[in-house]
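# Inside the fold
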Amino acid sequence: MSRKILGTLACALLCALQSASAQTTTPAPHYDAALAASLGADERGMRPYVFVILKTGPKKVEDKAERAKVFEGHFANMNRLAAEKKLVVAGPLDGKEGRRGIFVMATPDIEQARTWVETDPVITSGEMVAEYHKLYGSAALMMVNDIHGRIGKKQ
C-alpha cells in the first residue's frame, strides 16, 4: 500500500476516533439534567441498587388462614416500600431452585436494604429468606412504580 493511501487511512481513522471521543463527553441531545438528578443518576444515567433474591425459607406457613395473612402482609409491605421509593421493582420468579421472587431496592447499601426487607411478613415468618447482591443499573428504574401505577387496571 502506498504511503499516500496509508496516510489518508490514518487521517480518516484519527478523525473518526476524535469524533467518537467527542461524542462520549457531549451530553445526549435529549439529556434532562433535572430528571437525572431527581433519579440519582450518574453521568451514564446509572445508579447503584441492591438486588434481592427471595428464596424458600426454613418454615412453610401451613395454616391456610395464617398463610393468607402472611401474603396479604407481604403485598401490603411491598406497596408501602414502593410508595416510600425504597422498593424499585418486585416480582415473582418461577420457583426453580427455591428462587421465588426479586426485589430491587433503591439503596447502594446492603445493610440498609436488609432493614427494609426484614419488615416483610414472608421474611419474618420464615416462609422466605433473602439473598442480597449489589446491582448497578439504569436510574430510570426509579420511575417504574409511577409508570406501573398508570398502566395497571387492577391494583
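Look above for the structure.
All of these numbers come straight from a predicted model, not from anything done at the bench.

With that out of the way, let us pick up the pairing of strand β3 (residues 99–105). With 5 of 7 residues buried, β3 lies mostly within the body of the structure. Pairing of strand β1 (residues 46–56) with β3, which is carried by 6 bridges, proceeds in the antiparallel orientation. By the bridge assignment, Val-52 is partnered in β3 with Phe-103. Pairing geometry for strand β2 (residues 87–92) and β3, over 5 bridges, is antiparallel.

Moving on, we come to the pattern of salt bridges. Following the criterion strictly, the structure yields 9 salt bridges and no others. Close ionic contact of Lys-55 with Glu-131 constitutes a salt bridge, the shortest N to O distance being 2.9 Å. Of this pair, Lys-55 sits in strand β1 while Glu-131 sits in strand β4 (residues 128–138), and the two are 76 residues apart along the sequence. Judged by its relative accessible area of 26%, Lys-55 is partly exposed. Between Arg-80 and Glu-84 there is a salt bridge, with its nearest N and O atoms 3.1 Å apart. A relative accessible area of 32% means that Arg-80 is categorised as partly exposed. Classification of Glu-84 as partly exposed rests on a relative accessible area of 37%. The structure contains a network of salt bridges with shared partners spanning Arg-67, Arg-100 and Glu-127.

What counts, and where the lines are drawn
Residues numbered from 1 in each chain as written. Predicted model: local features only at pLDDT ≥ 70, side-chain atom pairs only at ≥ 80, totals over all residues. Heavy atoms only, no water. Buried < 20%, exposed > 50% of the residue type's maximum accessible area, 1.4 Å probe, protein only. Helix = DSSP H or I, 4+ residues; strand = E, 2+ residues; numbered from the N terminus. Pairing = 2+ DSSP bridges. Salt bridge = Lys/Arg side-chain N within 4 Å of Asp/Glu carboxyl O.

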